[in-house]
Each structure stands twice: as C-alpha cells, then as structure tokens.
Amino acid sequence: AYYNLGVCYLNVQDYKKAEENFNIAVSLDPSNVDTYMNLGLAFYKQSKFEDSESCYRKVLASRPASYEAHFNLGNIYLKQSKHNEAVAEYLETIKINGNHIYSYNNLGVAYGYLGKLKVAAYYYEKALSVKPDYMEAKKNLNDVSKFLKK
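Owing to the predicted nature of the structure, the values given are computational and were not obtained by experimental measurement.

Draft legend 1. Just a nonpolar patch on the surface, in detail. On the surface, Tyr2, Leu5, Ile24 and Leu28 cluster together into a nonpolar patch covering about 360 Å² of accessible area. Contributing elements (two or more residues each) for the nonpolar patch: α1 (2-11) and α2 (15-28). Looking at the element boundaries, Tyr2 is found in helix α1. Take Tyr2: its relative accessible area is 36%, and that puts it in the partly exposed class.

So, in structure tokens, the structure goes:
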C-alpha cells in the first residue's frame, strides 16, 4: 500500500510525500528493489543526490544489469558536475541497453563539459541513429557543430 501511494505521489510530483511513503515501504520490505528505485527518483527530484545515489547503489547490488539505475546514477553525476563518473555510468547503460538514446545524448553532454566536442558530436549522432527525430539530440548536435566549425 505504501509503495503504491509513493508511486501516486511521484506521478503528481509530490516528491516529499513520495519519499515518506517509499521510506515506510522500505522499512516494511527492505528487499523490494523497485522501492529503492522509486525512492531514488523521489530523492533526485528534491536534489538529494547523495540519498538518491545510495538508493541506486542498493538497486545495483541486487540487479547489476539495471540499465535504469546506471542511467540514473549518470544523471546524478552530471548534475553534480562529476562528468567522468557520469560518462562511466552512461557507458555502462549502453553496454546493457544499446538503444538507450538518452544515454547517448547525455554522453554527448558530459563529453561536451569535458571539452571533448568531437566525441560529444559522435554520441549525439549515435542517439539520432537510433531515433532520427530525437529533438534534444538534434539541438545538441547543432550546437556542438557550431563550435567544431570555428
């Protein structure tokens, strides 16, 4: 019941109440990996990045092939300007799910921050090879291309 309430609160973007309900759900069933996944999201949406990271690490301890957990860790690291760590997590995501367009795009973003614009462009192109109408990757590729032409 608390897990489902937490999901409902996530859906209406009440992240504090989602966190409260997922915490109760975890106390009742600490082995439910899905609860940690959603609790991690509730923490992330509140910019509680250390708590969010801890949740995703618990998910990966049980499900090492969770591309979602790796992707979410990458997002945490990107928000914290830990670009090399973000790259590592996005690459891990792609090893597990080779069509994850958001990881390709975010790899481009992370490499852009690292000053590796050609590598960034490569990953934007990879995202577009999977989904040609992915507007964010198109915009990012256009932006980085302007710098590469200078």
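Having seen it, we continue.
Draft legend 2. Local environment of the pattern of salt bridges. For the structure shown, the criterion picks out seven salt bridges. Across the salt bridge formed by Glu53 and Arg57, the nearest N and O atoms sit 3.9 Å from each other. Of the two residues, Glu53 and Arg57 both sit in helix α4 (residues 49-62), four residues apart, roughly one turn of that helix. Here Lys139 makes a salt bridge to Asp143, at a shortest N to O gap of 2.7 Å. Of the two residues, Lys139 and Asp143 are both situated in helix α9 (residues 135-149); the distance of four residues between them amounts to about one turn of the helix. Here the salt bridges do not stand alone but share partners, grouping Lys16, Glu19 and Lys48 into one network.

Draft legend 3. Just the packing of helix α6 (residues 83-96) against helix α7 (residues 101-113), in detail. At a minimum axis distance of 9 Å, the contact between α6 and α7 shows a crossing angle of 160°. It follows from the interaxial angle that α6 and α7 lie roughly antiparallel. For the element pair α6 and α7, the recorded crossing hand is left-handed. Contacts between α6 and α7 involve His83, Val87, Tyr90, Leu91, Thr93 and Ile94 from the first element and Ser103, Tyr104, Asn106, Leu107, Ala110, Tyr111 and Tyr113 from the second. Per-class residue counts for the contact of α6 with α7 are nine nonpolar, four polar and no charged.

Draft legend 4. Region of the structure containing the side chain of Thr35. Structurally, Thr35 is set in helix α3 (residues 33-45). Setting aside chain neighbours within four positions, we find Thr35 in contact with Tyr3, Phe22, Ala25 and Val26.

The rules behind each value
- Residues numbered from 1 in each chain as written.
- Predicted model: local features only at pLDDT ≥ 70, side-chain atom pairs only at ≥ 80, totals over all residues.
- Heavy atoms only, no water.
- Patch = residues over 30% accessible without salt bridge, like charges linked within 9 Å, V, L, I, M, F, W, Y side chains within 5 Å.
- Areas by Shrake-Rupley, 256 points an atom, 1.4 Å probe, with all protein chains shown as cover.
- Salt bridge = Lys/Arg side-chain N within 4 Å of Asp/Glu carboxyl O.
- Helix = DSSP H or I, 4+ residues; strand = E, 2+ residues; numbered from the N terminus.
- Buried < 20%, exposed > 50% of the residue type's maximum accessible area, 1.4 Å probe, protein only.
- Axes fitted to C-alpha atoms, helices over the stretch in contact; angles between N-to-C directions.
- Parallel < 35°, antiparallel > 145°, perpendicular 65-115°, else oblique.
- Left-handed = near helix turned anticlockwise from the far one by under 90°.
- Contact = heavy atoms within 4.5 Å.
- Nonpolar A, V, L, I, M, F, W, Y, C, P; charged D, E, K, R; others polar.

Geometry only, nothing functional implied.
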